[in-house]
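# Breakdown of the fold
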Amino acid sequence: MAQRASTASKKSAQVSTQVIKDLHERMVRIRLFETEAGKLMEAGKLPGFLHLYVGQEAVAAGVMAALRDDDQITSTHRGHGHAVAKGVGFREMYAELYGRVTGACLGRGGSMHINDLTRGMLGANGIVGAGVPIAVGAAFAARYKGEDSVAVTFFGDGATNIGTFHEGANMAAILGLPVVFVCENNGYAEFTPQSGHMLLTDVADRAAAYGMPSVIVDGMDAVAVHRAATEAVARARSGAGPMMIEAKTYRYFDHQGVKGLRHPYRSDEEVAEWRARDPIDLIEARAVADGTATRAELDDVWRRTRDEIAQAIAYAEASPLPDPADLLLNVYSG
Amino acid sequence: MTTTEAPAVATRKLTYVKAFNEGLAQAMREDENVFVAGEDVAGYGGVFRMFDNLLDEFGPRRMIDTPISEAALVGLGVGAAARGLRPVVDLMFMDFIGVCLDQIVNQAAKMKYMFGGALSVPLTITTASGAGLGAAAQHSQSLEAWLAHVPGLKVVMPCDAYTAKGLTVSAIRDDNPVVVMLNKVLLGSTSEVPEEIYGIPLGRAHTARQGSDVTVIALGRMVGEALAAADELAAEGVEIEVIDPRTVQPLDTETMFASVRRTNRVLVVHEAVTFGGLGAEIAAQIQDAAFDYLDAPVLRIGAPFSPVPFSPVLEKAYVPDRARIAQGCRRLLERS
């Protein structure tokens, strides 16, 4: 069994009104960014691949609300949600999906590689597990420079079967670095269910192998994720070393793309069960019930975000394409 | 940072490994952001003594012993470089890059590009390549062609102590990921090395010997073999020109082309397997740029298509040497 941190703690059961609103807004921003991107893909407007994050919003929102701008994250190929929650702008994100020169990677990266150094977003990554040691390096740099920023690495359940996860976890532990390992366990490695790729029920058990405390949280509950993240981040920032959070969550759409919710690898019932515990519905119901926010206030977040997204898409569509004459741009420094 | 050519005069000789060590130490003194991480680099000083005494001077903050985890080690360097440090990570034997190639090829080499130029990855990877120590098939390879094929990486191959120091300093000062391929057989070899810190410009070839009859383009340890072959041929009245690219990515082809236009005959020699090696690339580029100047097809000499053997007699037969280079030059001259 994993050495479990005290997190799920009741002690911090109260989170402020401001935090609830913050979590809600981050999730709405992800949801709308993603669903609109899905529509654009279906309409044939976007080249390449699209790995949607819808359903997992509580994880990105809960963790990112516990971070500062100078904290660093590394992400996965399902990285839009992390980028949005970390504060990367809609405009450069949509422009990147469109392959425009105004995109986050100047049109060189696309959906799987969105990054923003100014937001501490050290990159979505096309290689499963590859972001783990990079976050360890970012945390190393923070400590080396005497800064108190932390690094968070996001990865899926499937990524914990690859070497970089294990090497990175051990490296962070042995060097005592301020890294938070966040496993977004959505139950599937692409199309293979967890039972088909590991014999464990809880990925968090893997942390014990590296002397790292861990906690399991409901990944559909942004407040629960946030509490765990707050504790793990504070722990890392204080110099107590790395910790792992396993958030049990679910992706609504397919591994890639939008269509095809009827897949033999999972049942309609299963998808419906998880959708019934939608992370945004959950926080909205709670907020309205306890008077944290009115329905009108919540609706206003959706409306404002929709407007912002419409403008960002218009911006992306109006943006110029990269100039083929610049094909060799940024291959090398200097 | 500017990289200047070394002063011409040196008053002492140093071994290749000590020259590397001195350059690294000077680069660490020059820039607080330079640190070293690797397996047994700190407490032990590195299996090849490359990092001797550095822990004493720089302490455990800047000299970090890591677990045997090459992927995480290079990843540590990538992440730290992205955050403004200048990591030097050591991979001990070049053969080990197989276990961390993703971090080198997909992460370090592509990060600047994928960030739209918003950051650089001033990562230096040091490693020892080459056969000749009886270390056999998993500890003796020259895999420069793998790395030189990847846009975003730079690869240097010092042929002597002087270049080991200068190229190491330049690699550390460079804002790109650079792999420094030290050669195991050369570790104890000596040459004149200036005491002050100096960098050798990356991407510029060095004409190690001037000659009029054949151009020999030699990589890494083969420079010494080519110079020895040149002495042998000079006694026969044949003058060969020896070009040391020093950096194999980016490759200074202009210096090669200019030489070929003068000598009209070219031999490319490297320790790596001939098939798919850099000799093929260099030969193709020369044909493209200077076909009309060639009096014979470009000749390549490299290792046979086999893993590096263990038994000394086989290993000796495997690695190109001065005799094969001299013989190659004679063959080129027989054609007209």
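Residues numbered from 1 in each chain as written. Chains lettered and ligands numbered in written order. Predicted model: local features only at pLDDT ≥ 70, side-chain atom pairs only at ≥ 80, totals over all residues. Heavy atoms only, no water.

### Details of the overall build of chain B
Scanning chain B for helices and strands turns up 12 helices and 14 strands. Taking 336 residues into account, the globule formula puts the C-alpha radius of gyration at 20 Å, and chain B, at 19 Å, falls close to it. Each of the three principal axes of chain B carries a C-alpha extent, and together these read 60 × 40 × 40 Å. Relative to its 336 residues, chain B shows a buried fraction of 62%. Intrachain contacts of chain B at a sequence separation of at least 6 include 82% that bridge at least 24 residues. For chain B, the exposed area adds up to about 12,300 Å²; of that, 52% sits on carbon and sulfur atoms. Taking the average location of the 29 positive side-chain charges in chain B and that of its 40 negative ones, the two points are 1 Å from each other. (Helix = DSSP H or I, 4+ residues; strand = E, 2+ residues; numbered from the N terminus. Rg over C-alpha atoms; globule rule 2.2 N^0.38 Å. Buried < 20%, exposed > 50% of the residue type's maximum accessible area, 1.4 Å probe, protein only. Contact = heavy atoms within 4.5 Å. Areas by Shrake-Rupley, 256 points an atom, 1.4 Å probe, with all protein chains shown as cover. Lys, Arg positive; Asp, Glu negative; His and termini not counted. Charge placed at Lys NZ, Arg CZ, Asp CG, Glu CD.)

### Looking at the side chain of Ser140(B)
Residues and elements named next belong to chain B. In this fold, Ser140 is placed in the loop between strand E5 (124–129) and helix H6 (144–148). For Ser140, a relative accessible area of 2% corresponds to the buried category. For Ser140, the contacting residues outside a window of four places in its chain are Asp95, Gly130, Ala131, Ala135, Lys184, Val308 and Glu315.

### Observations regarding empty space enclosed by the protein
Residue and element names in this part refer to chain B. Under the defined criterion, the tally for this structure stands at 4 cavities of 30 Å³ or more. If you add up the space inside the largest cavity, you get close to 50 Å³. Around the largest cavity, the lining residues are Ser129, Ser142, Met157, Pro158, Met181, Asn183, Leu219, Gly220, Arg221 and Glu271. Among the residues forming the lining of the largest cavity, the class breakdown is 4 nonpolar, 4 polar and 2 charged. (1 Å grid on protein atoms, 1.4 Å probe; cavity = no way out; pocket = protein on both sides within 12 Å on 5 of 7 lines; lining within 4 Å. Points joined across faces, edges and corners; volume = space filled by probe spheres on them. Nonpolar A, V, L, I, M, F, W, Y, C, P; charged D, E, K, R; others polar.)

### What to know about the UniProt feature "domain: Transketolase-like pyrimidine-binding" (unreviewed entry) in chain B
In the UniProt entry, the feature "domain: Transketolase-like pyrimidine-binding" (unreviewed entry) is given for residues 14–189 of chain B. Between the first and last C-alpha atoms of residues 14–189 of chain B the distance is 8 Å; the span itself is 38% helix and 19% strand. (UniProt positions renumbered as here; feature names shortened; annotations may be inferred.)

### Side note on the layout of surface pockets
Residues and elements named next belong to chain A. Roughly 350 Å³ of internal volume is contained in the largest pocket. Lining the largest pocket we find 28 residues, and of these His77, Val128, Gly156, Gly158 and Ala159 sit closest to its centre. For the lining of the largest pocket, the elements supplying multiple residues, two or more each, are helix H5 (131–144), strand E2 (151–156) and strand E4 (188–189). Here the element with the most residues in the lining of the largest pocket is E2; it accounts for 4 residues. For the lining of the largest pocket, the residue count by class is 10 nonpolar, 13 polar and 5 charged.

### A look at the sheet that holds strand E9 (residues 206–209) of chain B
Remark on secondary structure: sheet strands pair via backbone hydrogen bonds, oriented parallel or antiparallel. Residues and elements named next belong to chain B. If you trace the 5 strands from one edge of the open sheet to the other, you get E9-E11-E10-E13-E14, paired in mixed fashion. Sheet topology places E9 and strand E14 (299–303) at the edges, where each strand pairs with a single neighbour. Each adjacent strand pair in this sheet contributes to an overall mean axis angle of 25 degrees, direction not counted. Here 3 bridges tie E9 to strand E11 (residues 240–244), and the two strands are oriented antiparallel to one another. Paired with Arg209 across the two strands is Val242, which belongs to E11. Its contacts with the sheet put helix H8 (residues 222–234) on E9, strand E10 (214–218), E11 and strand E13 (266–273), and the angle it makes with E11 is roughly 170 degrees. Contacts between helix H10 (residues 278–290) and the sheet are confined to E10, E13 and E14, with E13 contributing the most and set at about 155 degrees to the helix. (Pairing = 2+ DSSP bridges. Axes fitted to C-alpha atoms, helices over the stretch in contact; angles between N-to-C directions.)

### Examining the confidence of the model for chain A
Per-residue confidence for chain A gives a mean pLDDT of 94; residues scoring 70 or more make up 95%. Segment residues 7–12 of chain A: pLDDT under 50, and 11 contacts once partners within four positions in sequence are set aside and those in other chains are kept. (pLDDT = per-residue confidence, 0-100.)

### Side note on the side chain of His77(A)
All names here are of chain A. In this structure, His77 sits in the loop between strand E1 (72–74) and helix H3 (80–86). The exposure class assigned to His77 is buried, which follows from its relative accessible area of 16%. Each residue touching His77, except ones within four places of it in the same chain, is listed here: His51, Met112, Asn125, Gly126, Val128 and His255.

### What to know about the packing of helix H1 (residues 16–30) of chain B against helix H2 (residues 54–62) of chain B
All names here are of chain B. Direction vectors running N to C along H1 and H2 enclose 50 degrees, while the axes themselves pass 11 Å from each other. Considering their axes alone, H1 and H2 lie oblique with respect to each other. The two elements H1 and H2 cross, and the hand of that crossing is left-handed. Of H2, the residues touching H1 (which contributes Asn21, Leu24, Ala25, Met28 and Arg29) are Leu54, Glu57, Phe58 and Arg62. Partitioning the contact of H1 with H2 into residue classes produces 5 nonpolar, 1 polar and 3 charged. (Parallel < 35°, antiparallel > 145°, perpendicular 65-115°, else oblique. Left-handed = near helix turned anticlockwise from the far one by under 90°.)

### Points about the packing of aromatic side chains
Both the distance between ring centres and the angle between the ring planes are used here to describe each pair of aromatic rings. Scanning the entire structure with this criterion turns up 16 aromatic pairs over all chains. Relative to Tyr94(A), the ring of Phe33(A) lies with its centre 4.3 Å away and its plane at 35 degrees, an arrangement referred to as tilted. With Phe33(A) in helix H1 (residues 17–42) and Tyr94(A) in helix H4 (residues 90–97), this pair connects stretches of sequence that are 61 residues apart. On the basis of relative accessible area, Phe33(A) is assigned to the buried category, the value being 0%. Overall, Tyr94(A) belongs to the buried group, its relative accessible area being 0%. Through a chain of ring-to-ring contacts, the aromatic side chains of Tyr188(A), Phe191(A), Tyr250(A), Tyr265(A) and Trp274(A) assemble into a single cluster. The ring centre of Tyr188(A) lies 5.9 Å from the NZ or CZ of Arg266(A), which sits over that ring. If you follow Arg261(B) out to its NZ or CZ, it ends over the ring of Tyr293(B), 5.8 Å from the centre. (Phe/Tyr/Trp six-rings, centres within 6.5 Å; stacked < 30°, edge-to-face > 60°. Lys NZ or Arg CZ within 6 Å of the ring centre and 35° of its normal.)

### Here's the deal with the interface of chain B and chain A
Each partner contributes to the interface: chain B provides 46 residues, whereas chain A provides 41 residues. Contact with chain A buries surface across chain B, with Arg83(B), Tyr113(B) and Met114(B) losing the most and accounting together for 23% of the total. On inspection of chain B and its partner chain A, the count reaches 0 salt bridges. At the junction of chain B with chain A, the criterion picks out 17 residue pairs in polar contact (both at pLDDT 80 or more). If you list the elements that add at least two residues to the side of chain B that touches chain A, you get strand E2 (34–38), H2, strand E3 (63–65), helix H3 (70–82), helix H4 (101–108) and helix H5 (111–114) of chain B. At 10 residues, H3(B) tops the list of elements feeding residues into the side of chain B that touches chain A. Counted by class, the side of chain B that touches chain A contains 22 nonpolar, 14 polar and 10 charged residues. (Buried area = accessible area lost by both parts, 1.4 Å probe. Salt bridge = Lys/Arg side-chain N within 4 Å of Asp/Glu carboxyl O. Polar contact = N/O pair within 3.5 Å; in protein donor to acceptor, adjacent residues only side chain to side chain.)

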